[in-house]
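Residues per chain, in single letters:
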Amino acid sequence: MSLIAMTPPRAGGDDRGAGDPGAALETLLEAVEVRIREQLRYRLADETLVLDPDALAFAYVLSGELQIRSAGLSGRSIGTGDVLLVGGQHTTTLVAQGAASVLVSELALADEAAHIAALLPDLAWITGFATLEPAAAALAQVMGVDAGAECENRSGDGPICRMMAKTVLASVIRAWAANGCAPEGWPYAASDPFLDRVVDAIHADPGRDWTVESLAAVGAMSRSVFAERFRETYGQSPAGYVTSVRMRSAQELLSRGLGVSVVSRELGYASDEGFSRAFRRHVGDTPSAWRAQRRLATA
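No experiment lies behind these values; they were computed from the predicted model shown.

(A) Spatial organisation of the packing of helix α5 (residues 193–204) against helix α8 (residues 238–255). Two elements in contact, α5 and α8, have axes separated by 10 Å at closest approach and are oriented at 40°. Relative to α8, the crossing made by α5 is right-handed. Of α8, the residues touching α5 (which contributes Val199, Ile202 and His203) are Tyr241, Val242, Val245 and Arg248. Residues belonging to the contact of α5 with α8 are distributed by class as follows: five nonpolar, one polar and one charged.

(B) Molecular detail of the pattern of salt bridges. Overall, the coordinates contain seven salt bridges when judged by the stated rule. Asp146 serves as the salt-bridge partner of Arg41, at 3.1 Å between the closest nitrogen and oxygen. Linking Arg41 in strand β2 (residues 34–45) with Asp146 in strand β11 (residues 145–146), this pair joins segments that are 105 residues apart in sequence. Given a relative accessible area of 24%, Asp146 falls into the partly exposed group. Salt bridges here are not isolated pairs; linked through shared partners, they connect Arg41, Arg43 and Asp146.

(C) Just α8, in detail. Across its 18 residues, α8 extends 26 Å between first and last C-alpha, which sits within 8% of the 26 Å expected from 1.5 Å per residue. Remark: Gly257 follows α8 within two positions and exhibits a positive phi of approximately 100°.

(D) Representation of the nonpolar core within the structure. By size, the foremost hydrophobic cluster in this structure holds 38 residues, and its most contacted members are Phe58, Tyr60, Phe129, Leu169, Ile173 and Trp186. Sorting the residues of this core by element identifies α1 (21–31), β4 (56–63), β7 (83–86), β9 (99–109), β10 (123–126), α3 (134–142) and α4 (157–178) as the ones contributing at least two each. With 10 residues, α4 is the single largest residue contributor to this core. Leaving out residues up to four positions away in the same chain, Leu169 has contacts with Val32, Val34, Leu56, Phe58, Leu85 and Leu107. Residues Leu40, Ile78, Leu84 and Ala100 belong to the second largest nonpolar core, which totals 21 residues.

(E) Structural view of the packing of α5 against helix α7 (residues 223–234). Closest axis-to-axis distance for the α5/α7 pair is 11 Å, and the angle between their directions is 85°. Relative to α7, the element α5 is oriented roughly perpendicular. Where α5 approaches α7, its residues Phe194, Leu195, Asp196, Val198 and Val199 are matched on the opposing element by Phe226, Arg229, Phe230, Thr233 and Tyr234. Residue classes in the contact of α5 with α7 are distributed as seven nonpolar, one polar and two charged.

Quick notes on the rules
The residue count restarts for each chain, going from 1 along the sequence in the order it is written. Selection of residues for local features in this predicted model requires a pLDDT of at least 70, selection of side-chain atom pairs for listing and counting requires 80 or more, and totals for whole chains, interfaces and linings are taken over all residues. The side-chain quantities take in all heavy atoms of the structure and omit both hydrogens and water. To get an axis, fit a line to the C-alpha atoms, keeping to the stretch in contact for a helix; angles then go from 0 to 180 degrees between the N-to-C directions. Secondary structure elements are defined from DSSP: runs of H or I of at least 4 residues count as helices, runs of E of at least 2 residues count as strands, and each element is numbered from the N terminus. The hand of a helix crossing depends on one turn: near helix anticlockwise from the far one by less than a right angle means left-handed, and clockwise means right-handed. Contacts were defined at the residue level, with two residues in contact if any of their heavy atoms lie within 4.5 Å. As a working rule, the residues Ala, Val, Leu, Ile, Met, Phe, Trp, Tyr, Cys and Pro are called nonpolar, Asp, Glu, Lys and Arg charged, and the rest polar, with Gly in that last group. In what follows, salt bridge is the name for a side-chain nitrogen of Lys or Arg lying within 4 Å of a carboxyl oxygen of Asp or Glu. For each residue, the accessible area found with a 1.4 Å probe, counting protein chains only, is set against the maximum for its type, and the residue is called buried under 20%, exposed over 50%, and partly exposed in between. Multiply 1.5 Å by the residue count of a helix minus one, and that product is the helix's expected span. By nonpolar core we mean a set of buried residues, namely Ala, Val, Leu, Ile, Met, Phe, Trp, Tyr and Cys, connected to one another through side-chain atoms within 4.5 Å. Each angle is binned into one of four classes, with values under 35 degrees roughly parallel, values over 145 roughly antiparallel, values of 65 to 115 roughly perpendicular, and all other values oblique.

Pasting the structure below:
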């Protein structure tokens, strides 16, 4: 089994080379949030499949063998149980060597996760992914619909499919990093140590009454400099990021069985109604409805 990345992440900023890499990877994987653009299973026979050059995508080989053709690369093949990750920077083509089937999940990072794009490789493939990440590979086996087939939508499909896609993508990133293909210092390499300090503080205590002023103080910056740098780096306001972290924390606490009132107080909301409104705006469902759907999905 091996894992190879063709190009390093598009990193910028200072390479800190310090801290706990495991904790940094965990923080990055927790930040992964996606929207599904299209998720299809293709059955090919000596055919060519062109991936959308503008989409973050992974291609999981269900059976057969596929040759990868991309910028500066030709002749590399992936087979059953392997996965290809593309960052949406170049046109990538898959060429079936005989009969083959592949799941292609075309994704877009959610706004609150846009900052992790700079940390992902332009192109990477993992051979033996099904062995390295058996749970994620099992999910990939049942994801998507056959190309050309009509999709039967069931209530709750949207959030469940997004969770499955997020799980597989996070597992692909973990496998890529765990096998030594990430550059030295990753994922710190694209980080701003002052903003890192702010983000760490938010994740450590999402229920605190965070203001732009208090966050700027954590990052040792003026209010205006901090707000501008944060938006440039993370693609949203500090307040929007705090809300996103709170909603992820809320989902985790609700999934552990905590009541809505307990979660609301834990995350600093003045009322259950205010928490429920924020949760519905962000997740698309009330906390109670989301928890009920999750219980059905895991039953």
